[in-house]
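Fold and geometry: a report
Take a look at the letters that make up each chain.
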Amino acid sequence: MAASFLTLTTGIEHETEARRSRFICAVAPARTVEEAAAFIAERRRLHPGATHNCTAYLIGQRLRKGDDDGEPGGTAGTPMVQALAGRGFDDVVAVVTRYFGGILLGAGGLVRAYGSAVTETLDRADPVRMVPAKLVRVSVDHDQAGRVENDLRASRHPVHEVGYGQAVDFSVAVADDELDAFADWVATLTSGRATVVVAADIHVPEPV
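The text that follows walks through the structure, step by step, so that each part is easy to find. Everything numeric here is computed off the predicted structure, so don't read it as measured data.

What counts as what
Residues numbered from 1 in each chain as written. Predicted model: local features only at pLDDT ≥ 70, side-chain atom pairs only at ≥ 80, totals over all residues. Heavy atoms only, no water. Axes fitted to C-alpha atoms, helices over the stretch in contact; angles between N-to-C directions. Helix = DSSP H or I, 4+ residues; strand = E, 2+ residues; numbered from the N terminus. Parallel < 35°, antiparallel > 145°, perpendicular 65-115°, else oblique. Left-handed = near helix turned anticlockwise from the far one by under 90°. Contact = heavy atoms within 4.5 Å. Nonpolar A, V, L, I, M, F, W, Y, C, P; charged D, E, K, R; others polar. Salt bridge = Lys/Arg side-chain N within 4 Å of Asp/Glu carboxyl O. Buried < 20%, exposed > 50% of the residue type's maximum accessible area, 1.4 Å probe, protein only. Pairing = 2+ DSSP bridges. Expected span 1.5 Å × (residues − 1). Arc of directions from axis to C-beta.

**A short note on the packing of helix α2 (residues 77-86) against helix α3 (residues 106-123)**
- At a minimum axis distance of 8 Å, the contact between α2 and α3 shows a crossing angle of 30 degrees. Taken together, the axis directions place α2 and α3 in an arrangement best described as roughly parallel. Crossing geometry of α2 relative to α3 is assigned as right-handed. Counted together, P79, M80, A83 and L84 of α2 and V111, Y114, G115, V118, T119 and L122 of α3 form the full contact between these two elements.
- Of the residues contributing to the contact of α2 with α3, the split by class is eight nonpolar, two polar and no charged.

**A word on the pattern of salt bridges**
- According to the stated counting rule, one finds 12 salt bridges in the structure shown.
- R22 is paired through a salt bridge with E15; the nearest N and O atoms lie 2.7 Å apart.
- Taking relative accessible area as the criterion, R22 reaches 35% and is therefore assigned partly exposed.
- Measuring nitrogen to oxygen at the nearest pair gives 3.2 Å for the salt bridge that ties D201 to K134. Here the residue D201 occupies a position in strand β10 (residues 195-205), and K134 occupies one in strand β7 (residues 128-140), the gap between them amounting to 67 residues.
- The exposed category is assigned to D201, whose relative accessible area is 61%.
- Overlapping salt bridges bring together K134, D176 and D201 as one network.

**Points about unusual backbone geometry**
- Backbone geometry at R20 places phi at a positive 75 degrees, although glycine is not the residue there.
- If you check the backbone angles, D91 has positive phi at about 55 degrees while not being a glycine.
- With respect to the secondary-structure elements, D91 resides in the loop between α2 and β6 (92-99).

**Looking at the environment of G106**
- Tracing the backbone shows G106 in helix α3.
- A sequence separation of 52 residues divides G106 from P158, and the C-alpha atoms of the two residues are 50 Å apart.

**Observations concerning the pairing of β6**
- β6 sits mainly inside the fold: seven of its eight residues count as buried.
- Where strand β3 (residues 21-29) and β6 come together, eight bridges link them in antiparallel fashion. Residue pairing for β6: A26 is matched across the bridge by V95.
- With seven bridges joining them, strand β4 (residues 52-59) and β6 adopt antiparallel strand pairing. Residue pairing in the sheet places H52 in a bridge with R98 of β6.

**A short note on helix α1 (residues 33-46)**
- For α1, spanning 14 residues, the distance from its first C-alpha to its last is 20 Å, which sits close to the expected 20 Å at 1.5 Å a residue.
- Listed as buried for α1 are A36, I40 and R43. Burial along α1 is one-sided: seen end-on, the buried residues are contained in an arc of 65 degrees. The exposed set on the far side of α1, more than 90 degrees from its buried face, consists of E34 and R45.
- Against the buried residues of α1 lie β2 (12-18), β3, β4 and β6.

Structural measurements only, silent on function.
What follows is the structure in structure tokens.
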């Protein structure tokens, strides 16, 4: 069963220090590996003189990847991934940029520094909780489409796309615990003339 998770809608940056080394952490939303890679590339472009630009991303509640960028193995990317996952985040990317301060931290010190750089940044974030939902296809005749679209867009269920063919198909995001009520509402709205089919598993922002 799919689980809820936290994510970000905008990026956030925060700087920490450990024994004169600067750790600049930036965390941003990333729904794909390509989005994560683009953010990582931009952070490296912004800090070309940094000692390290270590990275971590979690995508789709399945993909977790960290990179130590020259730090001793397992001392940067892994604690960054663990920090993100431990706080319940997903679909996010983090880059911790280190400027070496002249004092070696040791493996334990690096793990703490990179992990805390991420957690302290997340402490300053304004996350949104994503809850399990279904993408539902609602098909209606053309003579009903205008009124149905107006009512769907005025509802709490986001309309993802509209397709026109022999019928008009609306792809609508519906929270798992509202599926039955949604189907009943559509049936009433269309006098039972609509076809409602569950199409895919997705996540949507938790209603406020």
